[in-house]
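# Structure at a glance
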Amino acid sequence: MDSILEIKNLKKYYKEVKAVDGIDFSVQAGSCFGLLGPNGAGKTTTIELIETILKPDAGTILFQGKPIDHSFKNSIGIQFQTTALQEFLTVRETLELFAKLYPKKKPIDEIIAICSLEDIIKRDNRKLSGGQRQRMLLGIALINDPDILFLDEPTTGLDPQARRNFWQLIENIKNEKKTVILTTHYMEEAEVLCDDIAVMDHGKIIEQGHPALLLEKYFQGVILKIPSESFPKNPSVSFSFEKRNGYVHVVTRNVEKTIHELIREKVPIEGLKIDKPNLDDLFITLTGSSLRT
Amino acid sequence: MRRFLAIFNARNLEFFRDRGNFFWNMFLPIFLIFGFAFAFSGNNDAQYKIGLSGQTPDTLEFLGFKYLQFIPYKAGDAALDKLRHHQLDMYIDFDAGNYYVNTDSPKGYIVERLLLSDRGQSLHRQSVSGQSIRYVDWFVPGVIGMNIMFGCIIGVGFVIIRYRKNGVLKRFKATPIHPAEFISAQMFSRFFIMALMCTVLFAGTNFFLHFMMNGSYLDLAFIAALAILCHISLGLLFSTRIKSQELAGGVMNMFIWPMMFLSGIFFSLEGTPPVLQTISRFFPITHFIEAARKIMLDGATLAGVMDNILIMAGMTLLFLITATLIFKWE
Ligand SMILES: Nc1ncnc2c1ncn2[C@@H]1O[C@H](COP(=O)(O)OP(=O)(O)O)[C@@H](O)[C@H]1O
Ligand SMILES: [Mg+2]
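These numbers were taken from a predicted model, which means no experiment stands behind them.

A few words on the side chain of Glu207 of chain A. All names here are of chain A. Position of Glu207 among the secondary structure elements: in strand 10 (residues 204–209). Within polar-contact distance, the side chain of Glu207 engages the side chain of Lys217 at 3.0 Å. The contact partners of Glu207, leaving out residues within four places of it in the chain, are Ile197, Ala198, Val199, Leu214, Lys217, Tyr218 and Leu286.

Dropping the structure here:
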């Protein structure tokens, strides 16, 4: 597969903060790329640098192998993390307004269908629920039939139902072979949607790759979680363990053997949980801190 | 051009659909005009006003009559204009040995009888004519000017600052539209709105109050258009850098209120300290009001108000160029 975007040594410093501190990654055409990280990690800054909303202090961005120029804006669709629109316009008028700003456009009716805007198309754009508003903003981002779609935390603040609906829309867009670049701090979202992820913290990428492969790399097997209070101080066990959020985590391939050892150490089995490792666990392993802080 | 029109239309819709805002923009000036028309309608001035210039003789008993107010003038047109507009009931120029009355003024007739009853006088009669100016005739250019000032500075300046603060500007920055296209669409939209509003305001109140109009409506429209353009540019200048609406409010108030009171909207600046008059020359609105009054009340042509036109045009250019040089999306 070709990489549609290549980012090399990208940097953006604010006075005190190294918001983006020399990152490299490439995005495959037609894939969904996820930038993961806690608040303040530098996700928004990174994608706004690529969108040319911000000017980088250093680094290069190649689009289809060439440095980006002013026509790049015609090839991308953007959904900002926070945005505002002109007021007193209906959803349809808003879409039409943006449609007129681009040389190439997708028919409004198709946008309505893709983003399921039928019910709200005549509504004032300020009188929308969180999920409806995100769908309209997605519609605006798609209005020029872009090659690359940037979504900055599109589901933050939505209830679980609305979030799942939004994921479905993204799946549909992925099926149209569009490249999607998405930031999120929901690991589950990345697991569901992304083909590739990069985990960011403090302006740096600390790990990147295919989600399943990354989990493979860091966790061979499943995670056993034992409540800390029922775990002995200095157990003589063959496996390594780590304390986290009131639980002792044990990563193991051989569940049976591990549980035998625990029973031998008189650890009660009642509170014990077995989880498949997920990106949350990966994140904790990588950064030593939980995401949702 | 299509992009320009799209933004232009969106902004117009945003304005006209904001009923509350629209209502206040229209209602306040109408209320002011009718309010002042009623408040100052009766001519309950018991005194007679006589302008004097030149060396006053001691022999004239007339100068000691009760209920006559004598106001010194430099010889010249100012006093005659006042006489024409019934702001003076008589004007006497002792050096020339002439007295002037307005043949359309009943009060002038009375004062003339009084003067002639004084046997000591040896002045020659000169006459002028002209309808009296009601306060509202004088006031209406002020209200229109005030409307232009608020409508443009707030409608362009404040709105762009709001767009910048809440992210509308950033959203457009993400599209292929050029900043100059976006800004000029905002300006044209406001120009269109203000021109429409001023026309409706003037024509609507004129229908009931029949303002004095000695000049040409076209000239008046030209002056108004120039004033709108000038204030839009000023609004744009305010909007170039400021990020917060609170700061914007403060800065704009700092300019708008002095302009309200020092540009002769409500009362004439004649007789105020010279420093205030000098300050007032720096406000574009002063020049609009002055020119509009000259056209409406004195029947001036565009050539007659060329000073005001040139100053407003110069200010417009200055504001526009500075604004484009320092404008920032964020
Ligand atoms: N305009 C700015 N001025 C100063 N600091 C900024 C600015 N924008 C972002 N930052 C800082 O850069 C860091 C990264 O921010 P951001 O990219 O928004 O993170 P994220 O989107 O991952 O939450 C944060 O510490 C933030 O405070
Ligand atoms: Mg962010």
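More follows now that the structure is in view.
Before going further, it helps to spend a moment on the coordination of the magnesium ion (ligand 2). Around the magnesium ion (ligand 2), the donor atoms from the protein are Thr44 of chain A (OG1) and Gln81 of chain A (OE1), and they sit 1.9 to 2.2 Å away. In this pair, Thr44 of chain A sits in helix 1 (residues 43–50) while Gln81 of chain A sits in the loop between strand 6 (76–79) and helix 3 (91–99), placing the two residues 37 residues apart along the sequence.

Our next topic: the pattern of salt bridges. Using the criterion set out here, one finds 25 salt bridges over all chains in the structure. Asp124 of chain A is the partner of Lys127 of chain A in a salt bridge, and the nearest nitrogen-oxygen pair spans 4.0 Å. What makes Asp124 of chain A buried here is its relative accessible area of 15%. Between Glu14 of chain B and Arg11 of chain B there is a salt bridge whose closest N-O contact spans 2.8 Å. Separated by three residues within a single helix, Glu14 of chain B and Arg11 of chain B lie in helix 1 (residues 2–17), roughly one turn from each other. Using a relative accessible area of 3% as the deciding quantity, one classes Glu14 of chain B as buried. A network of salt bridges, in which partner residues are shared, links Lys106, Glu110, Asp145, Glu176 and Lys178 of chain A.

Turning next to the site of ligand 1. All names here are of chain A. Around ligand 1, the neighbouring residues are Tyr14, Val17, Ala19, Pro38, Asn39, Gly40, Ala41, Gly42, Lys43, Thr44 and Thr45. Within the contact set of ligand 1, an oxygen atom lies 3.2 Å away from a backbone nitrogen or oxygen of Ala41. In the model, an oxygen atom of ligand 1 is placed 2.9 Å from a nitrogen or oxygen of the Lys43 main chain. Here the shell around ligand 1 is composed, by residue class, of five nonpolar, five polar and one charged.

Here we take up the interface of chain B and chain A. Tallying the contact residues gives 25 residues for chain B and 25 residues for chain A. The tally of links from chain B across to chain A stands at two salt bridges. The shortest N-O distance in the salt bridge between Glu93 of chain A and Arg17 of chain B comes to 2.7 Å. Inspection of the chain B/chain A interface yields 10 residue pairs in polar contact (both at pLDDT 80 or more). The set of elements that each furnish at least two residues to the side of chain B that touches chain A consists of helix 1, helix 5 (135–166) and helix 6 (168–173) of chain B. Counting residues per element, the side of chain B that touches chain A draws most heavily on helix 1 of chain B, which supplies nine residues. Looking at the side of chain B that touches chain A residue by residue, the class counts come to 10 nonpolar, four polar and 11 charged.

Now for the domain arrangement of chain B. For chain B, the assigned domains read domain 1 (2–38 + 134–326) and domain 2 (48–128). Between the C-alpha centres of domain 1 of chain B and domain 2 of chain B the distance comes to 41 Å.

Let us now look at the sheet that holds strand 8 (residues 179–184) of chain A. Residue and element names in this part refer to chain A. Taken together, the six strands give an open sheet; going across it, the order is 6-7-8-3-9-10, and neighbouring strands pair in mixed fashion. Two strands bound the open sheet, and with one partner strand each, they are strand 6 and strand 10. Strand-to-strand, the axes of this sheet are offset by a mean angle of 15°, without reference to chain direction. Across the sheet, helix 1 is in contact with strand 3 (32–36), strand 7 (148–152), strand 8 and strand 9 (196–201); its angle to strand 7 comes to roughly 155°. Contacting strand 3, strand 9 and strand 10, helix 10 (residues 279–287) crosses the sheet at an angle of about 40° to strand 9.

Let's shift gears to a nonpolar patch on the surface. Together, Phe23, Trp24, Phe27, Leu28 and Phe31 of chain B make up an exposed nonpolar region whose accessible area comes to about 550 Å². Mapping Phe27 of chain B onto the fold places it in helix 2 (residues 19–39).

Time to look at the pairing of strand 4 (residues 98–102) of chain B. On any regular strand, side chains alternate: one points to one face of the sheet, the next to the other face. Residue and element names in this part refer to chain B. Within strand 4, five of the five residues are buried, which leaves it mostly tucked inside the rest of the structure. Because side chains alternate across strand 4, one face comprises the buried residues Asn98, Tyr100 and Asn102, and the other comprises Tyr99 and Val101, equally buried. Across three bridges, strand 3 (residues 90–93) lies against strand 4 in antiparallel orientation. Each bridged residue has a counterpart across the sheet, and for Ile92 the counterpart in strand 4 is Tyr99. The hairpin turn running from strand 3 into strand 4, its antiparallel successor, is four residues long, and Gly97 in that turn takes a positive phi close to 70°. For strand 4 and strand 5 (residues 124–128), the ladder comprises five bridges, and the chain directions are parallel. For Tyr99, the partnering residue across the bridge sits in strand 5 and is Arg125. Between the parallel pair strand 4 and strand 5, the chain is carried across by helix 4 (residues 106–117), and the sense of this crossover is right-handed.

Here we come to the environment of Ser75 of chain A. All names here are of chain A. Mapped onto the secondary structure, Ser75 falls in helix 2 (residues 72–75). Accessibility expressed as a relative area gives 15% for Ser75, which makes it buried. Measuring from C-alpha to C-alpha, the distance between Ser75 and Gly59 comes to 21 Å, with 16 residues separating the pair along the chain. Once you skip the residues sitting within four places of it in the chain, Ser75 turns out to touch Phe63, Asn144, Pro146, Asp147 and Ile148.

Thresholds applied
- Residues numbered from 1 in each chain as written.
- Chains lettered and ligands numbered in written order.
- Predicted model: local features only at pLDDT ≥ 70, side-chain atom pairs only at ≥ 80, totals over all residues.
- Heavy atoms only, no water.
- Helix = DSSP H or I, 4+ residues; strand = E, 2+ residues; numbered from the N terminus.
- Polar contact = N/O pair within 3.5 Å; in protein donor to acceptor, adjacent residues only side chain to side chain.
- Contact = heavy atoms within 4.5 Å.
- Donors = N, O, S within 2.8 Å, 3.2 Å for Na, K, Ca; no water.
- Salt bridge = Lys/Arg side-chain N within 4 Å of Asp/Glu carboxyl O.
- Buried < 20%, exposed > 50% of the residue type's maximum accessible area, 1.4 Å probe, protein only.
- Near = heavy atom within 4 Å.
- Nonpolar A, V, L, I, M, F, W, Y, C, P; charged D, E, K, R; others polar.
- Domains from an automatic or database assignment.
- Pairing = 2+ DSSP bridges.
- Axes fitted to C-alpha atoms, helices over the stretch in contact; angles between N-to-C directions.
- Patch = residues over 30% accessible without salt bridge, like charges linked within 9 Å, V, L, I, M, F, W, Y side chains within 5 Å.
- Areas by Shrake-Rupley, 256 points an atom, 1.4 Å probe, with all protein chains shown as cover.
- Right-handed = clockwise from strand over helix to strand, strands pointing away.

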